[in-house]
Amino acid sequence: MTVLALNGVGKRFGGIQALTDVSLAVPEGRIVGVIGPNGAGKTTLFNVITGAYRASTGDVLLAGSDITQWPSHRIMRSGIARTFQNIRLFASMTVWEHLLVAQPRTGGLWRSVLPIGWTDAEARKRAEDALVFFGLERYRNVIARTLPYGIQRKVEMARALTAQPKLLLLDEPVAGMNAEEADDLRALFHRLNERGLSILLIEHDMPFVMSLCHHLYVLNFGVLIGEGTPEVVRNDPVVLDAYLGTEAA
Ligand SMILES: Nc1ncnc2c1ncn2[C@@H]1O[C@H](COP(=O)(O)OP(=O)(O)OP(=O)(O)O)[C@@H](O)[C@H]1O
Ligand SMILES: [Mg+2]
């Protein structure tokens, strides 16, 4: 099954054509990467997928359903979760509070939106699972924004996971992390993937991307200029010329 498909997606901001005719797919259970130079349109792609921006042209399909016109909250409740390129944690919340806040509860507004709401006990269980998975137990009651950068990034990923997504979108998850932290995350992403989570990630760290992803797409000036296995992409002269020639691939 294809978890996510984009067909001919374009996005224009005034005079800037940020994406042109982008078609890609994330098959179930795969880790797919999007690479390309600064300003290529990678984050814009995520914003279109999640409904933060409306596509100017083309369609976005989630497990076969056309979500192109759906509001962002509906998309996020339908199996897609994301992390952002820049940290987005609340100023005065503990790690534990961050993990609870992202979850819909039974009753109230969500009763009409979700087929099944989550009770407080279920929400706490999901938060606990995410906390343990990312090894964040000792930071449970710490104000998240006071933690070291690498830990804050993990809090964001844990928060995204509490929604129990089918597809996780990660925008430069290892940016600013050292090699040891990146290795740690690679192992965690592999474990999540083994549990059935599909992942679409943007990353500039080529060794990380090449060792983690099953399939890669390369964006340049909003246009897909290459795709394939890491091996194919690494040796594609067009990609080398536009991007990888300038990166430590
Ligand atoms: N809200 C917006 N309004 C106007 N232009 C935008 C907006 N968002 C993105 N753009 C433009 O779209 C283009 C693609 O930007 P985007 O942030 O998607 O690039 P990126 O590939 O994520 O780059 P980076 O690797 O630096 O994060 C850029 O020219 C950017 O200025
Ligand atoms: Mg970006």
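## Here's the deal with the site of ligand 1
Part 1 of the argument: Around ligand 1 sit 14 residues, and of these Gly39, Lys42, Thr43, Thr44 and Gln85 come closest.
Part 2 of the argument: With respect to ligand 1, the backbone of glycine 41 contributes an N or O atom lying 2.9 Å from an oxygen atom.
Part 3 of the argument: When isolated, ligand 1 has an accessible area of 640 Å², and the protein chains bury 66% of it.
Part 4 of the argument: No other element matches the three residues that helix α1 (residues 42-49) contributes to the shell around ligand 1.

## Focus: the coordination of the magnesium ion (ligand 2)
Part 1 of the argument: Looking at the metal site, the magnesium ion (ligand 2) is ligated by Thr43 (OG1) and Gln85 (OE1), spaced 2.0 to 2.2 Å from it. Placement of the pair is threonine 43 in helix α1 and glutamine 85 in the loop between β6 (80-83) and α3 (95-101), with a sequence separation of 42 residues.
Part 2 of the argument: In this structure threonine 43 comes out as partly exposed when scored by relative accessible area, which is 25%.

## Focus on the pattern of salt bridges
When charged atoms on two side chains of opposite charge get close, those side chains can pair.
Part 1 of the argument: A full pass over the atoms with the stated rule returns six salt bridges.
Part 2 of the argument: For lysine 125, the salt bridge is made with aspartate 129, and the minimal N-O distance between the two is 2.9 Å. You can see lysine 125 and its partner aspartate 129 sitting in helix α5 (residues 120-133), four residues apart, about one turn around the helix.
Part 3 of the argument: With a shortest N-O distance of 3.8 Å, arginine 159 and glutamate 156 are connected by a salt bridge. Residue arginine 159 and its partner glutamate 156 are both found in helix α6 (residues 149-161); the two are separated by three residues, about one turn of the helix.

## Things to note about the domain arrangement of the protein chain
Part 1 of the argument: What the domain assignment lists for the protein chain is domain 1 (1-79 + 165-249) and domain 2 (89-164).
Part 2 of the argument: Each partner contributes to the interface: domain 1 provides 20 residues, whereas domain 2 provides 15 residues.
Part 3 of the argument: Carbon and sulfur atoms make up 70% of the area that domain 1 and domain 2 hide from each other, which totals about 1500 Å².
Part 4 of the argument: For the domain 1 face of the interface with domain 2, the top three residues by lost area are Arg77, Pro165 and Leu188, together amounting to 40%.
Part 5 of the argument: At the junction of domain 1 and domain 2, the tally comes to one salt bridge.
Part 6 of the argument: Measuring nitrogen to oxygen at the nearest pair gives 2.6 Å for the salt bridge that ties lysine 154 to aspartate 184.
Part 7 of the argument: Put simply, domain 1 and domain 2 have two residue pairs in polar contact (both at pLDDT 80 or more) between them.
Part 8 of the argument: For the side of domain 1 that touches domain 2, the secondary structure elements donating two or more residues are β7 (167-171) and α7 (179-194).
Part 9 of the argument: Among the elements that take part in the side of domain 1 that touches domain 2, α7 stands out by supplying seven residues, more than any other.
Part 10 of the argument: Counted by class, the side of domain 1 that touches domain 2 contains eleven nonpolar, one polar and eight charged residues.

## Overview of the sheet that holds strand β5 (residues 65-66)
Part 1 of the argument: Read from one edge of the open sheet, four strands run β2-β1-β4-β5, paired in antiparallel fashion. Both edges of this open sheet fall to β2 (16-27) and β5, since each of them pairs with a single strand only.
Part 2 of the argument: As judged from the two bridges shared by strand β4 (residues 57-62) and β5, these two strands associate in the antiparallel manner. Considered in β5, the bridge of leucine 62 is made with serine 65.
Part 3 of the argument: Across the sheet, α1 touches β1 (2-13), β2 and β4, and the angle it forms with β1 is around 115°.

## A word on α5
Part 1 of the argument: Here α5 contains 14 residues, and its C-alpha end-to-end distance of 20 Å stays within 8% of the 20 Å for a straight helix at 1.5 Å per residue.
Part 2 of the argument: Burial in α5 covers these residues: Ala123, Arg126, Ala127, Ala130, Leu131 and Phe133.
Part 3 of the argument: Looking one or two residues past α5, glycine 135 carries a phi angle of roughly 65°, positive in sign.

## Here we look at the sheet that holds strand β9 (residues 215-220)
Part 1 of the argument: Taken in spatial order, the six strands of this open sheet run β6-β7-β8-β3-β9-β10, and their pairing is mixed. Since the sheet does not close on itself, it has two edges, and those belong to β6 and β10 (223-228), each with one partner. Taking the axes of each pair of neighbouring strands and ignoring which way they run, one obtains an average angle of 15° across the sheet.
Part 2 of the argument: Relative to β9, strand β3 (residues 31-35) runs parallel, the two sharing four bridges. Counted as the bridge partner of isoleucine 35 is valine 218 from β9.
Part 3 of the argument: Relative to β6, α6 is tilted by about 170°, and along the sheet it contacts β6 and β7.

Reading the values: the criteria
Residues numbered from 1 in each chain as written. Chains lettered and ligands numbered in written order. Predicted model: local features only at pLDDT ≥ 70, side-chain atom pairs only at ≥ 80, totals over all residues. Heavy atoms only, no water. Near = heavy atom within 4 Å. Polar contact = N/O pair within 3.5 Å; in protein donor to acceptor, adjacent residues only side chain to side chain. Areas by Shrake-Rupley, 256 points an atom, 1.4 Å probe, with all protein chains shown as cover. Helix = DSSP H or I, 4+ residues; strand = E, 2+ residues; numbered from the N terminus. Donors = N, O, S within 2.8 Å, 3.2 Å for Na, K, Ca; no water. Buried < 20%, exposed > 50% of the residue type's maximum accessible area, 1.4 Å probe, protein only. Salt bridge = Lys/Arg side-chain N within 4 Å of Asp/Glu carboxyl O. Domains from an automatic or database assignment. Contact = heavy atoms within 4.5 Å. Buried area = accessible area lost by both parts, 1.4 Å probe. Nonpolar A, V, L, I, M, F, W, Y, C, P; charged D, E, K, R; others polar. Pairing = 2+ DSSP bridges. Axes fitted to C-alpha atoms, helices over the stretch in contact; angles between N-to-C directions. Expected span 1.5 Å × (residues − 1).

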